[in-house]
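The residues making up each chain are set out below.
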Amino acid sequence: MLRLSALTVLVGVFSLGSAPARAADACDALAATVIRATGASLAGRTGPVAVFRAQDAERMSLDCRAPARLTVASLDREPPPGYFILIGRAARALAGADAASAEVLALNLHQASLLAQAPRRGGIGPILMLCETGPRTDGLRDDLTVCRMAHRPGLSRIRRAG
């Protein structure tokens, strides 16, 4: 009986020890998907955050902590079309969203943010997005356009009466 308990404890210790490794593997896989979908290159990775170099953005980063989210930033107040195409491709990589629809959503949110001089958020399919135009006071203060996206949580399967 004692032997079985010791074995159970060892199995428990090994399964707990491998949780960070599984999370790192999942983040590596998601980063690889982002690279394939966007054409970006990995600039570095620290823990759950990967930073990329992308031709159509000043900054692009992936935070793998749940819910995983991507940030795409531009120095331009009105970025070129390639910026919005990049966002569409990144949304497809992050959440399986339709790239063209995510591109249009990003453009519409950006335009609404310019007009309102405030961040605007919206969603399409499996993606939630927030776009804002500068000036900013945070770590992205030099970037005049920033769009963040995250995978939309699943819809509840519980039906309500009525």
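Placed above this text is the structure.
This report concerns the structure included in the present document. Every chain is numbered on its own, with residues counted from 1 as its sequence reads. Local features in this predicted model are restricted to residues whose pLDDT is 70 or higher, and side-chain atom pairs enter the listing and the counts only when it is 80 or higher, whereas totals over whole chains, interfaces and linings include all residues. To get the side-chain values, all heavy atoms of the structure are used, and hydrogens and water are removed first.

1. A closer look at the pairing of strand 2 (residues 49-54)
Point 1. Going residue by residue along strand 2, you find Ala50, Phe52 and Ala54 tucked away on one face and Val49, Val51 and Arg53 left uncovered on the opposite face.
Point 2. Alignment of strand 1 (residues 41-46) against strand 2, held across five bridges, turns out to be antiparallel. Bridging across to strand 2, Thr46 finds its partner in Val49.
Point 3. Only strands that DSSP links by at least two bridges are regarded as paired with each other. In this description a helix means any DSSP run of H or I spanning at least four residues, a strand means any run of E spanning at least two, and both kinds are numbered starting from the N terminus. Adjacent in sequence and paired antiparallel, strand 1 and strand 2 are bridged by two residues, among which Gly47 carries a positive phi angle near 55 degrees.
Point 4. Pairing analysis gives five bridges linking strand 2 to strand 3 (residues 57-63), with the strands arranged antiparallel. Following the sheet pairing, Val51 is matched in strand 3 by Ser61.
Point 5. Between strand 2 and strand 3, which pair antiparallel and follow one another directly, the connecting turn spans two residues. Relative accessibility thresholds used throughout: buried, under 20% of the residue-type maximum; exposed, over 50%; partly exposed, between the two (1.4 Å probe, protein chains only).

2. Some thoughts on the packing of aromatic side chains
Point 1. Put simply, two rings from Phe, Tyr or Trp (the six-membered ring, in Trp's case) pair if the centres are within 6.5 Å, and we call them stacked under 30 degrees between planes, edge-to-face over 60, tilted for the rest. Applying the stated rule across the entire model yields one aromatic pair.
Point 2. Plain terms: the ring middles of Tyr83 and Phe84 are 5.1 Å apart, the flat faces sit at 85 degrees to each other, and that makes the pair edge-to-face. Neither residue differs from the other here; Tyr83 and Phe84 are each classed as buried.

3. Side note on the pattern of salt bridges
Point 1. Salt bridge, as used here: a side-chain nitrogen of Lys or Arg that lies within 4 Å of a carboxyl oxygen of Asp or Glu. The full count for this structure, using the stated rule, is four salt bridges.
Point 2. A salt bridge links Asp28 to Arg45, with the shortest nitrogen-to-oxygen separation between them at 2.1 Å. Remark: Arg45 occurs in strand 1 and Asp28 occurs in helix 2 (residues 19-38); sequence separation between them is 17 residues.
Point 3. Residue class for Asp28 comes out partly exposed when judged on its relative accessible area of 38%.
Point 4. Between Arg148 and Glu132 there is a salt bridge, with the nearest N and O atoms lying 3.2 Å from each other. Here Arg148 is found in strand 7 (residues 145-151), whereas its partner Glu132 is found in strand 6 (residues 127-133), with 16 residues between them in sequence.
Point 5. Assessed through its relative accessible area of 16%, Glu132 is described here as buried.
Point 6. The network of salt bridges with common partners includes Asp63, Arg65 and Arg69.

4. Looking at helix 4 (residues 99-116)
Point 1. Here helix 4 contains 18 residues, and its C-alpha end-to-end distance of 25 Å stays within 8% of the 26 Å for a straight helix at 1.5 Å per residue.
Point 2. Directly beyond the C-terminal end of helix 4, a positive phi value near 55 degrees is found at Gln117. Here the expected span of a helix is defined as 1.5 Å times the quantity of residues minus one.

5. Brief notes about the sheet that holds strand 1
Point 1. An order of 1-2-3-4-7-6-5 is seen for the seven strands of this open sheet, with the pairing classed as antiparallel. Across the chains shown, the open sheet's two edge strands, defined by having one partner strand only, are strand 1 and strand 5 (120-124). The mean inter-strand angle of the sheet, taken between neighbouring strand axes irrespective of direction, is 20 degrees.
Point 2. Here strand 3 runs beside strand 4 (residues 69-74); their pairing, made up of five bridges, is antiparallel. Axis lines are fitted to C-alpha atoms, over the contacting stretch for helices. Their N-to-C directions set the angle, which ranges from 0 to 180 degrees.

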